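Letter by letter, the chains look like this.
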Amino acid sequence: KKGSSFSFRLSLAQGKPLQTSTRSIRGMRVLVVEDHPRSAQVLVDLLTAWGGKTSLATNGVEALNTLRTEFEQGGNFDLVIIDWNMPGMDGLQFTSELRKLPEYKFVPILVLTTEAGQDKKMAGKSAGATGWLVKPFNPQQLLNTVNRVL
């Protein structure tokens, strides 16, 4: 058999360590609501690595059902991280619905979005969102924002 073979060496710089403690997340129950599979996996992986106990829902309706079921079984979530733009029930609708449930009235809701407009932020805040993080973001930004809302 004839053919070519190639090899190369790639040197990558080591990533910077996080500058903020992950202590606030350790042991926390976090519901991630994200319809994009890759984004959802990145969030779950980061939060789990930081010691969070994560669950995943792919849309607002599924998330509300997960939250209700968890409460009915005697549990509760400490933080909800939701994508703003999802099919069906978007982040604004979800946040409004979640705030109607007495058991989740004060649970922090962190919105992740590509929307940076002040009008969207104000709508989210009025609906009950606790924090806002514009995509794309790096792990340090996510950790800083999570620490702020907890």
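Residues numbered from 1 in each chain as written. Predicted model: local features only at pLDDT ≥ 70, side-chain atom pairs only at ≥ 80, totals over all residues. Heavy atoms only, no water.

A. A look at the side chain of E70. One can find E70 in helix 2 (residues 60-72). Looking at E70, the relative accessible area reads 17%, which means it is buried. Other than its neighbours up to four places away in sequence, E70 contacts R29, G75, N76, F77 and Y104. (Helix = DSSP H or I, 4+ residues; strand = E, 2+ residues; numbered from the N terminus. Buried < 20%, exposed > 50% of the residue type's maximum accessible area, 1.4 Å probe, protein only. Contact = heavy atoms within 4.5 Å.)

B. Summary view of the pairing of strand 1 (residues 29-33). With 4 of 5 residues buried, strand 1 is to be regarded as a mostly interior element. By the bridge criterion, 5 bridges tie strand 1 to strand 2 (residues 53-57) in an arrangement that is parallel. Among the inter-strand pairings, L31 is bridged to a residue of strand 2, identified as S55. Crossover handedness for the path strand 1 to helix 1 (residues 37-49) to strand 2: right-handed. (Pairing = 2+ DSSP bridges. Right-handed = clockwise from strand over helix to strand, strands pointing away.)

C. The arrangement of the pairing of strand 5 (residues 131-134) in detail. As paired strands, strand 4 (residues 109-113) and strand 5 are joined by 4 bridges and run parallel to one another. Across the sheet, the residue bridging to V111 is W132, located in strand 5. Where the polypeptide runs from strand 4 across helix 4 (residues 118-127) and back to strand 5, its parallel neighbour, the crossover connection is right-handed.

D. Main features of the nonpolar core. Membership of the largest hydrophobic core comes to 21 residues, with the highest contact counts inside it found for L31, V33, L67, V80, F94 and L98. When residues of this core are traced back to their parent elements, those giving at least two are strand 1, helix 2, strand 3 (79-83), helix 3 (91-99) and strand 4. When residues of this core are assigned to their parent elements, the largest contribution, 3 residues, is made by helix 2. If we skip the residues at most four places from it in the chain, L31 touches S55, L56, A57, A63, T66, L67, F77, L79, V80 and I81. Residues I25, V30, I81 and L112 belong to the second largest nonpolar core, which totals 17 residues. (Core = buried A, V, L, I, M, F, W, Y, C linked by side-chain atoms within 4.5 Å.)

E. Broad picture of the sheet that holds strand 3. Taken in spatial order, the 5 strands line up as 2-1-3-4-5 in an open sheet, and their pairing is parallel. Looking along the sheet, the strands with just one partner apiece sit at the ends: strand 2 and strand 5. Here the strands of the sheet are splayed against their neighbours by 20° on average, with no regard to which way each runs. Each of strand 1, strand 2, strand 3 and strand 4 is contacted by helix 1, which is oriented at about 165° to strand 2, the strand it contacts most. (Axes fitted to C-alpha atoms, helices over the stretch in contact; angles between N-to-C directions.)

F. Seen up close, the packing of helix 3 against helix 4. Following both chains from N to C, one finds helix 3 and helix 4 inclined at 20°, their axes separated by 8 Å at the closest point. When the interaxial angle is binned, helix 3 and helix 4 end up roughly parallel. Between helix 3 and helix 4 lies a crossing whose hand is right-handed. Residues L92, T95, S96 and R99 of helix 3 pack against A123, G124 and A127 of helix 4. Across the contact of helix 3 with helix 4, the residue classes break down as 3 nonpolar, 3 polar and 1 charged. (Parallel < 35°, antiparallel > 145°, perpendicular 65-115°, else oblique. Left-handed = near helix turned anticlockwise from the far one by under 90°. Nonpolar A, V, L, I, M, F, W, Y, C, P; charged D, E, K, R; others polar.)

G. Representation of helix 1. Between the first and last C-alpha of helix 1 there are 18 Å, a value that for 13 residues agrees with the 18 Å anticipated at 1.5 Å per step. Every buried residue of helix 1 is listed here: A40, L43, V44, L46 and L47. All buried residues of helix 1 lie within an arc of 165° about the axis, which places them on one face of the element. Exposed residues pointing more than 90 degrees away from the buried face of helix 1 are listed as P37, R38 and A49. In this structure, the buried residues of helix 1 make contact with strand 1, strand 2, strand 3, strand 4 and helix 5 (139-149). Where helix 1 ends, the next residue or the one after it, G51, has phi of about 100°, a positive value. (Expected span 1.5 Å × (residues − 1). Arc of directions from axis to C-beta.)

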